[in-house]
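# Topology and contacts: notes
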Amino acid sequence: MEKDKIDKKEHILDVAEKVFADLGYDGASTRTISGEAGVNMAMLNYYFGSKEGLFLAVFERKINSFRTLLQNISSDGSMNAWDKLDKCIDNYVERIIANNCFQKLINREVSMNKRGDLTDKIIEILMVNVYEVKRIMEEGVNNGLFHADADIPLVIATLFGTKNYIVNMPQISSLVLGHDIRDEKFMENELKPRVKTYMKRLLKAYLVKEHDNSK
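Let me begin by describing the structure that accompanies this report. Since the model is a prediction, treat every value here as computed from it, not as a measurement.

### Here we look at the nonpolar core
Membership of the largest hydrophobic core comes to 34 residues, with the highest contact counts inside it found for Leu85, Ile89, Ile97, Met137, Leu191, Leu203 and Leu207. Looking at this core, the elements that each hand over two or more residues are α4 (51-74), α5 (81-98), α7 (116-142), α8 (152-168) and α10 (184-207). Sequence-distant contacts of Leu191, that is, excluding residues within four places in its chain, are made with Ile97, Ile166, Leu177, Ile181 and Phe186. Core analysis: the next-biggest nonpolar cluster, separate from the first, contains 29 residues, Phe48, Leu54, Phe59 and Ile63 among them.

### Observations concerning the packing of aromatic side chains
For any two aromatic rings, the description comes down to two numbers: the centre-to-centre distance and the angle of the planes. Enumeration over the complete set of coordinates arrives at 8 aromatic pairs. Judged by centre distance (4.8 Å) and plane angle (85 degrees), the ring pair of Phe20 and Phe55 falls under edge-to-face. Of the two residues, Phe20 sits in helix α1 (residues 2-27) while Phe55 sits in helix α4, which places them 35 residues apart along the sequence. The exposure classification of Phe20 matches that of Phe55, with both residues buried. Pairing Tyr92 with Phe160 gives two aromatic rings, centres 5.1 Å apart and planes at 70 degrees, and the pair type is edge-to-face. With Tyr92 in helix α5 and Phe160 in helix α8, this residue pair connects regions lying 68 residues apart in the sequence. Three or more aromatic residues joined by ring pairs form one cluster here, namely Phe20, Tyr25, Phe55 and Phe59.

### So, the environment of Arg31
Within the secondary structure layout, Arg31 lies in helix α2 (residues 30-37). Measuring from C-alpha to C-alpha, the distance between Arg31 and Met41 comes to 6.7 Å, with 10 residues separating the pair along the chain.

### A closer look at the packing of α4 against α7
Closest axis-to-axis distance for the α4/α7 pair is 10 Å, and the angle between their directions is 5 degrees. Judged by the inter-axis angle, α4 sits roughly parallel to α7. Side by side, α4 and α7 meet where Glu52, Phe55, Leu56, Phe59, Glu60, Ile63, Phe66, Arg67, Leu70, Gln71, Ile73 and Ser74 of the first sit next to Leu118, Lys121, Ile122, Ile125, Leu126, Val128, Asn129, Glu132, Val133, Arg135, Ile136 and Glu139 of the second. Among the residues making up the contact of α4 with α7, the classes are represented as 14 nonpolar, 3 polar and 7 charged.

### Overview of the side chain of Lys200
With respect to the helices and strands, the residue Lys200 is situated in helix α10. On the accessibility criterion, Lys200 (18% relative accessible area) is buried.

### Quick look at helix α3 (residues 41-48)
Residues of α3 that are buried: Leu44, Tyr47 and Phe48. Taken around the axis of α3, the buried residues stretch over an arc of 75 degrees, which confines them to a single face. Among the exposed residues of α3, those pointing more than 90 degrees away from its buried face are Ala42 and Tyr46. Downstream of α3 by one or two residues, Gly49 has phi in the positive range, about 85 degrees.

### Focus on the environment of Asn143
Position of Asn143 relative to the elements: it lies in the loop between α7 and α8. Asn143 gets classed as partly exposed once you look at its relative accessible area, which sits at 47%. In this structure the side chain of Asn143 is engaged in a polar contact, spanning 3.0 Å, whose partner is the backbone nitrogen of Leu145.

How each quantity is defined
Residues numbered from 1 in each chain as written. Predicted model: local features only at pLDDT ≥ 70, side-chain atom pairs only at ≥ 80, totals over all residues. Heavy atoms only, no water. Core = buried A, V, L, I, M, F, W, Y, C linked by side-chain atoms within 4.5 Å. Buried < 20%, exposed > 50% of the residue type's maximum accessible area, 1.4 Å probe, protein only. Helix = DSSP H or I, 4+ residues; strand = E, 2+ residues; numbered from the N terminus. Contact = heavy atoms within 4.5 Å. Phe/Tyr/Trp six-rings, centres within 6.5 Å; stacked < 30°, edge-to-face > 60°. Axes fitted to C-alpha atoms, helices over the stretch in contact; angles between N-to-C directions. Parallel < 35°, antiparallel > 145°, perpendicular 65-115°, else oblique. Nonpolar A, V, L, I, M, F, W, Y, C, P; charged D, E, K, R; others polar. Arc of directions from axis to C-beta. Polar contact = N/O pair within 3.5 Å; in protein donor to acceptor, adjacent residues only side chain to side chain.

Structure (structure tokens):
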């Protein structure tokens, strides 16, 4: 019984993510979402309370799973700061390239910046993961592995900004990269490895005091 409840809730969140990404917060309605999910309004309201509650639940589900992963990497005493950042890049690229629906949702709602309280809540959810990555970089600076004058805010902007350009501007980035990035086979087999290699070489050359770019 409990498993059925969890499965139904996850199904509603899956449907809501797609509807919000396609229509935006303003264009989507709980009635549309409940209809596409095959549930009644009473069940949707029971789980999430309101459209805003459902919207935030979509964000929290995605962000929390990645947050746990980042925290596990950050607390792993067997790795130095660069190894942790290297692993973060691998996992970050896997998620943001493969999950364009959610990235589209983030870009649409945060860039519009017209719903003060709701936008603030979304940004607060997103920034927790940014702070985890920042903490790893600060660890590298503090233990002497990274340059003391490394501009960590700009490194973070580079990491997340590259994603924004590729994922949120597909028409332009497809022309720059020489292939339609919406081609799933291309994304999986070519784009992901390219982005990982690029980000690692770029950040390692900038951050690490002693490094071997041939690796």
